[in-house]
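Analysis of the macromolecular model
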Amino acid sequence: MKKAVALGIEAQVLTDVLNKTGVEYGDYSLSFALGCYHQCEYCYDATCKIRYNKVEDFEAWGHPLVTQDFLAKLDKEIPAKKRRIKNVMLSFAGDPFPYNPENDSKKEYFHELSFAALKKLNDAGIQCSVLTKGLLPLELADYAPKKRKGHNWYGISLVNLNNEVEYREKIETHAAPLQDRLAALKALKDKSGTCKTYISVEPFPVPSMIDGLVEKTTMTALGKDEFNGKLNYTKLQQVIRTALRRVLANDVVQTVLDNPSVQAAVENAAVSSVDKANLKKLKITNFTREIESFIREELEAAMKKELEYVLSQITWVDLVIFGRGNGVNAKKINDYITKYIETNTII
């Protein structure tokens with residue numbers, strides 16, 4: 001903690017640093033920080049922490065707090081919990097290896113903290129999973145669980161490989177370039193020989209895919225006779241939002257994953273299924289059903305294209321996970337409709 005104080009990194013106080021999760025690839029999570037330098041706009045954890053007043057705002061989220069007495073707490077918890085732990089995830093509340101091209105001493109501190117925690121866990125025979133939007137260090141090749149036969153899992157979040165530059169500039173500004181993430185993961189796999197690698201495609205469908213879908217759906221809906229003279233713009237926003245949520249909540253993702261052409265592209269990569277969202281029942285009008293059908297067809301085609309491309313680039317990884325994300329919100333829909341009304345694109 002003395003080094004953190006010297007660097008000006010503020011602290012959060014937690015009772016436990018090893019916490020049980022409901023995630024299959026990390027039944028325990030390591031809480032070493034609160035916040036993330038990458039500040040990805042779609043970050044679910046940031047949204048939750050801000051909503052429940054754990055963090056003041058998105059700007060504050062970009063200046064991570066370190067857990068007070070983190071390593072000392074970890075030393076106490078490992079003996080008490082290690083028999084129950086299958087895999088520890090680094091981490092769901094911060095990035096263990098933030099992208100650091102400028103050699104920032106604060107970011108380097110979190111690198112050092114992650115290495116120290118990984119060593120303690122591995123020395124106790126505990127398997128770990130590391131997930132980052134930074135660059136995985138080659139030194140990780142020397143880490144593996146002792147006493148138990150096993151290996152660590154090292155992974156990167158990877159979204160929108162098709163349109164990297166525009167995507168990163170828009171909502172992943174501070175994360176490492178996607179191709180650099182891939183290269184670092186491949187280099188680590190080649191050097192280690194024993195570690196397992198994975199890629200988390202999350203949120204999926206990716207935000208840019210949803211942006212384009214909202215835009216296309218809005219243009220289509222505004223041009224329909226059912227809209228003109230019968231629905232106001234507020235109602236149209238509700239119709240599109242409802243249809244999007246219903247489509248994203250049903251089996252469309254699994255349908256695409258099960259497509260033979262997608263499966264052929266998978267080769268040696270294992271693809272996980274995607275959990276359905278648990279949404280309230282919504283009243284559906286005939287117009288909404290028509291819009292919903294349009295969205296489903298467009299989304300299936302876009303997802304299939306994205307899946308085939310991504311999977312064709314990463315056949316060497318051991319596991320690919322497609323996870324749900326929150327890619328739809330009311331403001332985006334309202335902004336798109338306003339844009340097309342003001343520019344007279346449709347009417």
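No experiment lies behind these values; they were computed from the predicted model shown.

1. Considering the confidence of the model for the chain
Residue-level pLDDT values for the chain average 77, and 72% of them are 70 or greater. In the model of the chain, strand E10 (residues 270–271) stands out as the element of lowest mean pLDDT, 38, in contrast to helix H5 (residues 105–123), which has the highest, 95. This model gives residues 264–284 a pLDDT under 50, and the stretch forms 48 contacts once residues within four places in sequence are excluded.

2. Description of the side chain of Gln12
Structurally, Gln12 can be placed in strand E1 (residues 11–12). When near neighbours in sequence (up to four residues on either side) are disregarded, Gln12 contacts Ala33, Leu34, Leu65, Val66, Thr67 and Gln68.

3. Considering the environment of Pro205
Relative to the helices and strands, Pro205 resides in the loop between strand E9 (196–201) and helix H8 (207–222). The sequence separation of Pro205 and Leu299 amounts to 94 residues, and the corresponding C-alpha distance is 8.3 Å.

4. What to know about the sheet that holds E1
If you trace the three strands from one edge of the open sheet to the other, you get E1-E5-E4, paired in mixed fashion. The open sheet is flanked by E1 and strand E4 (33–34), the only strands paired with a single partner. Across two bridges, the pairing between E4 and strand E5 (residues 65–67) is antiparallel. In the strand pairing of E5, Ala33 is matched with Val66.

5. Quick word on empty space enclosed by the protein
The final tally for this structure, using the stated rule, is one cavity of 30 Å³ or more. Taken as a whole, the largest cavity spans an internal volume of roughly 40 Å³. In this structure, the largest cavity is lined by Phe32, Ala33, Gly35, Cys36, Tyr37, Pro64, Gly94, Asp95, Pro98 and Phe110.

6. What about unusual backbone geometry?
A cis amide bond links Leu90 with the next residue in sequence, Ser91, at an omega value of 0 degrees. Structurally, Ser91 can be placed in the loop between strand E6 (88–90) and H5. For Asn53, which is not a glycine, the phi torsion comes out positive at approximately 60 degrees. Exposure remark for Asn53: the relative accessible area of 69% places this residue in the exposed category. Located in the positive-phi region is Asp69, a residue other than glycine, with phi close to 55 degrees. Positionally, Asp69 belongs in the loop between E5 and helix H4 (70–81). Given a relative accessible area of 39%, Asp69 falls into the partly exposed group.

7. Some thoughts on the nonpolar core
Counting 66 residues, the largest nonpolar core has Leu18, Leu30, Leu74, Val88, Leu121, Tyr154 and Ile199 as the members making the most contacts within it. A per-element tally of this core places helix H12 (residues 286–313) first, with eight residues. Contact partners of Leu121, with chain neighbours within four places excluded, come to Leu18, Leu30, Leu74, Ile78, Val88, Leu90, Ile126 and Cys128.

8. Brief notes about the pattern of salt bridges
Side chains that differ in sign of charge can pair as their charged atoms come close. The final tally for this structure, using the stated rule, is twelve salt bridges. Salt-bridge contacts for Glu102 lead to Lys107; the nearest nitrogen and oxygen are separated by 2.7 Å. Taking the shortest distance from any N to any O, the salt bridge between Glu172 and Arg181 comes out at 2.7 Å. Overall, Glu172 belongs to the buried group, its relative accessible area being 0%. Linked through salt bridges whose partners overlap, the residues forming this network are Asp16, Glu77 and Lys81.

9. Observations regarding the packing of aromatic side chains
For the coordinates displayed, the defined rule picks out seven aromatic pairs. Taking the centre distance of 6.4 Å and the plane angle of 65 degrees together, the rings of Phe32 and Phe70 count as edge-to-face. Residue Phe32 is found in the loop between strand E3 (26–30) and E4, and its partner Phe70 is found in helix H4; the two are separated by 38 residues along the sequence. Among the residues examined, Phe32 registers a relative accessible area of 2% and is labelled buried. The lysine or arginine in question, Lys186, covers the ring of Trp316, its NZ or CZ lying 5.7 Å from the ring centre.

What counts and what doesn't
Residues numbered from 1 in each chain as written. Predicted model: local features only at pLDDT ≥ 70, side-chain atom pairs only at ≥ 80, totals over all residues. Heavy atoms only, no water. pLDDT = per-residue confidence, 0-100. Helix = DSSP H or I, 4+ residues; strand = E, 2+ residues; numbered from the N terminus. Contact = heavy atoms within 4.5 Å. Pairing = 2+ DSSP bridges. 1 Å grid on protein atoms, 1.4 Å probe; cavity = no way out; pocket = protein on both sides within 12 Å on 5 of 7 lines; lining within 4 Å. Points joined across faces, edges and corners; volume = space filled by probe spheres on them. Buried < 20%, exposed > 50% of the residue type's maximum accessible area, 1.4 Å probe, protein only. Core = buried A, V, L, I, M, F, W, Y, C linked by side-chain atoms within 4.5 Å. Salt bridge = Lys/Arg side-chain N within 4 Å of Asp/Glu carboxyl O. Phe/Tyr/Trp six-rings, centres within 6.5 Å; stacked < 30°, edge-to-face > 60°. Lys NZ or Arg CZ within 6 Å of the ring centre and 35° of its normal.

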